[in-house]
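Okay, here's what each chain looks like letter by letter:
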Amino acid sequence: MSRNPVAIAMAIFVASSAAAQAAPNSKYQKGASYYDSCWKRTADKAIAKGTDAKKAAKKANSHCKKLSKKLLSAGGSKYDIKDRQRSLRQTID
């Protein structure tokens with residue numbers, strides 16, 4: 001039984017490209033959930049200290065800035081981060 005080298009090469013190419021496409025998505029999703037939890041923890045701590053919701057959101061944005069930059073490098077966009085921050089702000093109001 002002889003195997004076609006072109007078919008084998010094509011199968012390897014398809015499998016490697018699928019793995020390459022799946023990695024950024026899972027990395028982004030993991031970073032996004034970590035960003036959300038960091039943002040929420042920081043905002044909750046600020047509110048517990050007596051800060052109003054708007055100042056707590058600003059504090060959370062600045063505190064989690066490194067994580068937002070990691071999200072950008074993992075395949076996110078600045079608009080996605082802005083939308084994420086907007087939805088998180090609505091949870092603390």
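Thresholds, definitions, all that
Residues numbered from 1 in each chain as written. Predicted model: local features only at pLDDT ≥ 70, side-chain atom pairs only at ≥ 80, totals over all residues. Heavy atoms only, no water. Helix = DSSP H or I, 4+ residues; strand = E, 2+ residues; numbered from the N terminus. Buried < 20%, exposed > 50% of the residue type's maximum accessible area, 1.4 Å probe, protein only. Contact = heavy atoms within 4.5 Å. Disulfide = S-S within 2.5 Å. Salt bridge = Lys/Arg side-chain N within 4 Å of Asp/Glu carboxyl O.

Asks: In this structure, what is going on with the overall build of the protein? I would like to understand it.
Replies: Along the protein, the regular secondary structure elements total four helices and zero strands. The secondary structure elements of the protein, listed N-terminal to C-terminal, are α-α-α-α. The 93 residues of the protein split such that 24% are buried. Taking all contacts inside the protein whose residues are at least 6 apart in sequence as the whole, residues at least 24 apart take part in 72%.

Asks: I would appreciate a short explanation of the side chain of Gln 85 in the present structure.
Replies: Positionally, Gln 85 belongs in helix H4 (residues 78–92). We classify Gln 85 as buried; its relative accessible area is 11%.

Asks: Just to check I follow, could you spell out the state of the cysteines for this structure?
Replies: A disulfide bridge is the covalent bond that connects two cysteines by way of their sulfur atoms. By the definition in use, this model includes one disulfide. At a sulfur-sulfur separation of 2.4 Å, the disulfide partner of Cys 38 is Cys 64. Sign of the S-S torsion, about -90 degrees for the bond between Cys 38 and Cys 64, identifies this disulfide as left-handed. You can see Cys 38 sitting in helix H1 (residues 5–48) and its partner Cys 64 sitting in the loop between helix H2 (53–63) and helix H3 (65–73), a full 26 residues away along the chain.

Asks: Got a minute to help me understand the pattern of salt bridges in this structure?
Replies: As a working rule, side chains carrying opposite charge can pair if their charged atoms are close by. Under the criterion given, the structure shown has two salt bridges. Put simply, Asp 36 and Arg 84 hold a salt bridge, and the shortest N to O gap is 2.7 Å. Of the two residues, Asp 36 is situated in helix H1 and Arg 84 in helix H4; the sequence distance between them amounts to 48 residues. When its relative accessible area of 19% is taken as the criterion, Arg 84 is described as buried. A salt bridge links Asp 83 to Arg 86; the nearest nitrogen and oxygen atoms lie 2.8 Å apart. With Asp 83 and Arg 86 both in helix H4 and three residues apart, this pair spans about one turn of that helix. You can call Arg 86 partly exposed: its relative accessible area is 42%.

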